[in-house]
Amino acid sequence: MHNYYETGWWSSSYNYPAKRSVGTDPFERIERMASASAVVMFSMSTCCMCHALKRLFCGMGVNPTVYEVDEDPRGNELERALKRLSGGTSAVPLVFIGGKLVGAMDSVMASHISGTLVPLLKEAGALWL
(Lines give C-alpha, C1' and ligand atoms only; values in the text may rest on other atoms or scores of the structure.)
Protein backbone atom coordinates (compact mmCIF):
# COMPACT_ATOMS: atom_id res chain seq x y z
CA MET A 1 0.00 0.00 0.00
CA HIS A 2 2.84 2.26 0.59
CA ASN A 3 3.40 4.55 -2.23
CA TYR A 4 4.75 7.97 -1.66
CA TYR A 5 7.46 10.40 -1.59
CA GLU A 6 9.81 12.14 0.74
CA THR A 7 9.60 15.85 0.12
CA GLY A 8 10.15 19.01 2.05
CA TRP A 9 12.18 19.83 5.13
CA TRP A 10 9.99 17.65 7.35
CA SER A 11 10.67 14.43 5.45
CA SER A 12 12.96 13.02 8.12
CA SER A 13 10.22 13.36 10.75
CA TYR A 14 7.57 11.17 9.13
CA ASN A 15 7.24 7.73 7.63
CA TYR A 16 7.07 7.87 3.86
CA PRO A 17 6.48 4.32 2.68
CA ALA A 18 8.32 2.74 -0.21
CA LYS A 19 6.50 2.36 -3.52
CA ARG A 20 4.43 -0.77 -4.07
CA SER A 21 1.76 -1.62 -6.55
CA VAL A 22 -1.81 -1.53 -5.31
CA GLY A 23 -5.27 -2.37 -6.59
CA THR A 24 -7.32 -0.03 -8.71
CA ASP A 25 -10.28 0.61 -6.40
CA PRO A 26 -9.45 3.79 -4.49
CA PHE A 27 -11.50 2.78 -1.42
CA GLU A 28 -9.71 -0.59 -1.16
CA ARG A 29 -6.42 1.19 -1.66
CA ILE A 30 -7.21 3.69 1.13
CA GLU A 31 -8.26 0.84 3.43
CA ARG A 32 -4.95 -0.98 2.84
CA MET A 33 -2.93 2.21 3.23
CA ALA A 34 -4.79 3.21 6.40
CA SER A 35 -4.24 -0.14 8.09
CA ALA A 36 -0.54 -0.40 7.25
CA SER A 37 0.65 1.80 10.16
CA ALA A 38 -0.57 2.87 13.58
CA VAL A 39 -1.20 6.46 12.41
CA VAL A 40 -1.85 7.28 8.78
CA MET A 41 -2.49 10.74 7.47
CA PHE A 42 -3.61 11.70 3.99
CA SER A 43 -2.23 15.13 3.20
CA MET A 44 -1.48 17.67 0.49
CA SER A 45 2.05 19.02 0.48
CA THR A 46 0.85 22.64 0.35
CA CYS A 47 -1.99 22.37 2.90
CA CYS A 48 -1.46 24.44 6.06
CA MET A 49 -3.97 22.36 8.05
CA CYS A 50 -2.09 19.20 7.05
CA HIS A 51 1.14 20.80 8.20
CA ALA A 52 -0.45 21.72 11.53
CA LEU A 53 -1.54 18.12 12.15
CA LYS A 54 1.90 16.81 11.18
CA ARG A 55 3.42 19.18 13.74
CA LEU A 56 0.88 18.15 16.39
CA PHE A 57 1.74 14.47 15.98
CA CYS A 58 5.47 15.18 15.83
CA GLY A 59 5.21 17.27 19.00
CA MET A 60 3.50 14.37 20.75
CA GLY A 61 6.26 11.97 19.72
CA VAL A 62 4.09 10.22 17.13
CA ASN A 63 5.59 9.38 13.75
CA PRO A 64 2.63 9.20 11.32
CA THR A 65 2.79 7.62 7.91
CA VAL A 66 1.99 10.51 5.58
CA TYR A 67 0.58 10.10 2.09
CA GLU A 68 0.88 13.28 0.05
CA VAL A 69 -2.13 12.92 -2.23
CA ASP A 70 -0.99 15.69 -4.59
CA GLU A 71 2.22 13.77 -5.30
CA ASP A 72 0.51 10.48 -6.08
CA PRO A 73 0.06 9.59 -9.76
CA ARG A 74 -3.55 8.60 -8.96
CA GLY A 75 -4.09 11.42 -6.50
CA ASN A 76 -7.26 12.72 -8.13
CA GLU A 77 -9.13 9.45 -7.58
CA LEU A 78 -7.72 9.18 -4.05
CA GLU A 79 -8.85 12.73 -3.33
CA ARG A 80 -12.40 11.99 -4.54
CA ALA A 81 -12.58 8.84 -2.41
CA LEU A 82 -11.20 10.62 0.66
CA LYS A 83 -13.75 13.39 0.23
CA ARG A 84 -16.54 10.81 0.20
CA LEU A 85 -15.11 9.14 3.31
CA SER A 86 -15.03 12.48 5.09
CA GLY A 87 -18.72 13.05 4.39
CA GLY A 88 -18.21 15.53 1.60
CA THR A 89 -16.04 17.95 3.50
CA SER A 90 -12.40 18.50 2.60
CA ALA A 91 -10.47 15.43 1.46
CA VAL A 92 -7.39 16.35 3.49
CA PRO A 93 -6.13 16.20 6.10
CA LEU A 94 -7.73 12.89 6.91
CA VAL A 95 -6.35 10.77 9.76
CA PHE A 96 -6.66 7.08 10.53
CA ILE A 97 -5.49 5.68 13.87
CA GLY A 98 -5.27 1.93 14.30
CA GLY A 99 -6.82 1.53 10.85
CA LYS A 100 -9.95 3.43 11.89
CA LEU A 101 -11.02 6.76 10.49
CA VAL A 102 -10.68 9.49 13.11
CA GLY A 103 -11.51 12.26 10.68
CA ALA A 104 -10.27 15.62 9.54
CA MET A 105 -8.55 18.43 11.42
CA ASP A 106 -11.61 19.30 13.50
CA SER A 107 -12.09 15.73 14.73
CA VAL A 108 -8.42 15.23 15.57
CA MET A 109 -8.21 18.55 17.41
CA ALA A 110 -11.47 17.88 19.29
CA SER A 111 -10.05 14.51 20.39
CA HIS A 112 -6.82 16.15 21.45
CA ILE A 113 -8.58 18.87 23.46
CA SER A 114 -11.00 16.42 25.11
CA GLY A 115 -8.16 14.10 26.07
CA THR A 116 -9.27 11.13 23.98
CA LEU A 117 -6.49 11.36 21.35
CA VAL A 118 -3.68 10.06 23.59
CA PRO A 119 -5.58 6.89 24.57
CA LEU A 120 -6.36 6.24 20.89
CA LEU A 121 -2.69 6.62 20.01
CA LYS A 122 -1.63 4.35 22.88
CA GLU A 123 -4.16 1.70 21.90
CA ALA A 124 -2.87 1.77 18.31
CA GLY A 125 0.72 1.40 19.50
CA ALA A 126 1.77 4.83 18.23
CA LEU A 127 2.55 6.30 21.64
CA TRP A 128 4.26 4.73 24.62
CA LEU A 129 3.75 7.22 27.45
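Residues numbered from 1 in each chain as written. Predicted model: local features only at pLDDT ≥ 70, side-chain atom pairs only at ≥ 80, totals over all residues. Heavy atoms only, no water.

- In the annotation of an unreviewed UniProt entry, the chain is listed under the name Glutaredoxin-C1 and assigned to Sesamum indicum.
- Recorded in UniProt under Subcellular location (unreviewed entry), the annotation for the chain is "Cytoplasm". (UniProt positions renumbered as here; feature names shortened; annotations may be inferred.)

Concerning the nonpolar core
In step 1: Core analysis: the biggest nonpolar cluster contains 33 residues, and Phe-42 and Leu-121 have the highest contact counts within it.
In step 2: Counting only elements with at least two residues in this core, the list comes to helix 1 (26-34), strand 1 (39-43), helix 2 (48-60), helix 3 (75-85), strand 3 (94-97), helix 4 (105-114) and helix 5 (117-124).
In step 3: Leave out the neighbours within four places in its chain, and Phe-42 touches Ile-30, Met-33, Tyr-67, Val-69, Leu-82, Val-92, Pro-93, Leu-94 and Phe-96. (Core = buried A, V, L, I, M, F, W, Y, C linked by side-chain atoms within 4.5 Å. Buried < 20%, exposed > 50% of the residue type's maximum accessible area, 1.4 Å probe, protein only. Helix = DSSP H or I, 4+ residues; strand = E, 2+ residues; numbered from the N terminus. Contact = heavy atoms within 4.5 Å.)

Regarding the packing of helix 2 against helix 4
In step 1: Axis separation between helix 2 and helix 4 bottoms out at 11 Å; the angle between their running directions is 30 degrees. What the angle tells us is that helix 2 and helix 4 run roughly parallel. Here helix 2 and helix 4 pass one another in a crossing that is left-handed. Of the residues in helix 4, those in contact with Met-49, Ala-52, Leu-53, Leu-56, Phe-57 and Met-60 of helix 2 are Met-105, Val-108, Met-109 and His-112. (Axes fitted to C-alpha atoms, helices over the stretch in contact; angles between N-to-C directions. Parallel < 35°, antiparallel > 145°, perpendicular 65-115°, else oblique. Left-handed = near helix turned anticlockwise from the far one by under 90°.)

Some details on helix 1
In step 1: Turning to helix 1, its buried residues number three or more, namely Pro-26, Arg-29, Ile-30, Met-33 and Ala-34. Across the axial projection of helix 1, the buried residues extend over an arc of 125 degrees, all falling on one side.
In step 2: Elements that come into contact with the buried residues of helix 1 comprise strand 1, strand 2 (65-68), helix 3 and strand 3. (Arc of directions from axis to C-beta.)

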